[in-house]
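Inside the fold
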2 protein chains.
Amino acid sequence: MISGKFAITIHILTLLSKFPDEYLSSEFIAGSMNLHPVLVRKEIANLKKNNIVESKEGKNGGTRLLKSASNISLDAIFKMTFDTVTLGFSKNEPNPDCPVGKQINKNLENLYENINEKISLQLSGISLEDFSNKF
Amino acid sequence: MISGKFAITIHILTLLSKFPDEYLSSEFIAGSMNLHPVLVRKEIANLKKNNIVESKEGKNGGTRLLKSASNISLDAIFKMTFDTVTLGFSKNEPNPDCPVGKQINKNLENLYENINEKISLQLSGISLEDFSNKF
DNA sequence: CATACTGTAATAAAATATATTACAAATTTA
DNA sequence: TAAATTTGTAATATATTTTATTACAGTATG
């Protein structure tokens, strides 16, 4: 299942990149995406864990980038918000007595691994700055 | 949200490719993946719509491939079971008064379009036969 | 010390995917 | 031709996952 983590995170970072010298509040950010501030703070917690942003608590607090947008690749964002892209697996423990059931998930996994490599390759060539410049 | 359509469909097709001259019942197929036969028939309905398989109703009925496994690409399966791969969108109508909110989904869409092209390119180089030979 | 933030856990609601039931229609074969 | 077996499909139920909300403790500012 695809959650909005990547989209939310890239949205947050794009906003932060537009105001690199200010602390933006989760409420302000949430207002741009019509989302609950708590969800924004949750993704910010993840960004902090990855040393992409820093936050300041208290009045006039908020969040800002720790690195320049040109030094943040979309692949880094992908990796910190997505496990992997998949097209799905056989979920109910496929029949181990069937040669296909027995191996299907391993073979799908190999297939998806290649897909993720391609995606990473592409995203690693795009910086947050590149993305942000489109706005 | 990722549904199991692709995985179920490729599983069905792999089984059919192993018995190209037989009509396999949805119950037999479901047994290999531990899934309800109705779900198998649903995906088979989709395969029929795309002229990949044919079914025979009634006793001793079932489903078989209409084309050789070497002529079915994983990309074709991808296209008939997946809308597109995405890393998510801003869902709640982002704020149109914010330059970022206003354009975020369009820009994400462009990004994902490139990803889907890469995935298609990769999958179009793999046939059902190639995949099936791994079992 | 009041105000305006972050941080985070707990819970609720909504959306989506998966499973089941039910039964009509078709085909085989005894 | 009747019983058995299978597909086709709609309707419904259950489970899972996402998303939203509530609540409140902790922290910095002025």
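None of these values were measured; they are calculated from a predicted model. (Residues numbered from 1 in each chain as written. Chains lettered and ligands numbered in written order. Predicted model: local features only at pLDDT ≥ 70, side-chain atom pairs only at ≥ 80, totals over all residues. Heavy atoms only, no water.)

Helices and strands together make up the secondary structure of chain A, namely six helices and two strands. Expected size for 135 residues packed as a compact globule is a radius of gyration near 14 Å; at 18 Å, chain A overshoots this value by more than 25%. Viewed in the frame of its principal axes, chain A has a C-alpha envelope of about 60 × 30 × 25 Å. Of all 135 residues assigned to chain A, the portion counted as buried reaches 50%. For chain A, the proportion of contacts with a sequence separation of at least 24, taken over those separated by at least 6, is 64%. Just so you have it, chain A exposes about 6900 Å², and 48% of that area is on carbon and sulfur atoms. Averaged over its 16 positive side-chain charges, chain A has a centre that lies 3 Å from the centre of its 15 negative ones. (Helix = DSSP H or I, 4+ residues; strand = E, 2+ residues; numbered from the N terminus. Rg over C-alpha atoms; globule rule 2.2 N^0.38 Å. Buried < 20%, exposed > 50% of the residue type's maximum accessible area, 1.4 Å probe, protein only. Contact = heavy atoms within 4.5 Å. Areas by Shrake-Rupley, 256 points an atom, 1.4 Å probe, with all protein chains shown as cover. Lys, Arg positive; Asp, Glu negative; His and termini not counted. Charge placed at Lys NZ, Arg CZ, Asp CG, Glu CD.)

It is worth spelling out helix α3 (residues 37-49) of chain B at this point. Residues and elements named next belong to chain B. An ideal rise of 1.5 Å per residue puts 18 Å on 13 residues; α3 measures up with 18 Å between its terminal C-alpha atoms. Here α3 has its buried residues at P37, V40, E43, I44, N46 and L47. Of the residues one or two after α3, N51 is the one with positive phi, at around 55°. (Expected span 1.5 Å × (residues − 1).)

Formed by 81 residues in total, the largest nonpolar core has its most connected members in A:F6 and B:F6. Sequence-distant contacts of B:F6, defined by excluding residues within four places in its chain, comprise A:L87, A:L108, A:L111, A:Y112, B:L74, B:I77, B:F78, B:T81 and B:F82. (Core = buried A, V, L, I, M, F, W, Y, C linked by side-chain atoms within 4.5 Å.)

So, about the pattern of salt bridges. Residues and elements named next belong to chain A. Tallying each qualifying case throughout the model produces eight salt bridges over all chains. Close ionic contact of K106 with E109 constitutes a salt bridge, the shortest N to O distance being 3.9 Å. Of this pair, K106 and E109 both sit in helix α5 (residues 99-124), three residues apart, which is roughly one turn of that helix. What makes E109 partly exposed here is its relative accessible area of 39%. (Salt bridge = Lys/Arg side-chain N within 4 Å of Asp/Glu carboxyl O.)

With that settled, the discussion passes to the side chain of B:N107. Summarising the element assignment, B:N107 is placed in helix α5 (residues 99-124). By relative accessible area, which is 8% here, B:N107 ends up buried. Each residue touching B:N107, except ones within four places of it in the same chain, is listed here: A:F131, A:K134 and A:F135.

Let us look at the packing of aromatic side chains. The way to describe two aromatic rings as a pair is by their centre distance and the angle between their planes. Per the stated rule, a full pass over the model turns up ten aromatic pairs over all chains. With a centroid separation of 5.2 Å and 70° between ring planes, the pair formed by B:F89 and B:Y112 is classed as edge-to-face. On the criterion of sequence distance, the pair formed by B:F89 in the loop between α4 (74-81) and α5 and B:Y112 in helix α5 is long-range, its members being 23 residues apart. Taking relative accessible area as the criterion, B:F89 reaches 25% and is therefore assigned partly exposed. An aromatic cluster of three or more residues is present, and its members are A:F6, B:F89 and B:Y112. (Phe/Tyr/Trp six-rings, centres within 6.5 Å; stacked < 30°, edge-to-face > 60°.)

Bringing the relation of the copies chain B and chain A into the picture now. When chain B is fitted onto chain A, the two copies agree to an RMSD of 0.1 Å after a turn of 180° and an axial shift of 0.0 Å. The relationship between the two copies is best expressed as a two-fold rotation axis. Most of the interface of chain B is mirrored in chain A: 100% of its interface residues are interface residues there too. (Least-squares fit on C-alpha atoms with pLDDT ≥ 70 in both.)

This part covers the pairing of strand β1 (residues 53-56) of chain B. Residues and elements named next belong to chain B. Across four bridges, the pairing between β1 and strand β2 (residues 62-65) is antiparallel. What sits directly across from E54, in β2, is R64. Adjacent in sequence and paired antiparallel, β1 and β2 are bridged by five residues, among which G58 carries a positive phi angle near 85°. (Pairing = 2+ DSSP bridges.)

Residues and elements named next belong to chain A. Here helix α1 (residues 5-18) is 14 residues long and its end C-alpha atoms lie 20 Å apart, about the 20 Å a rise of 1.5 Å per residue gives. With twelve of its 14 residues buried, α1 lies for the most part within the structure. Burial in α1 covers these residues: F6, A7, I8, T9, I10, H11, I12, L13, T14, L15, L16 and S17.

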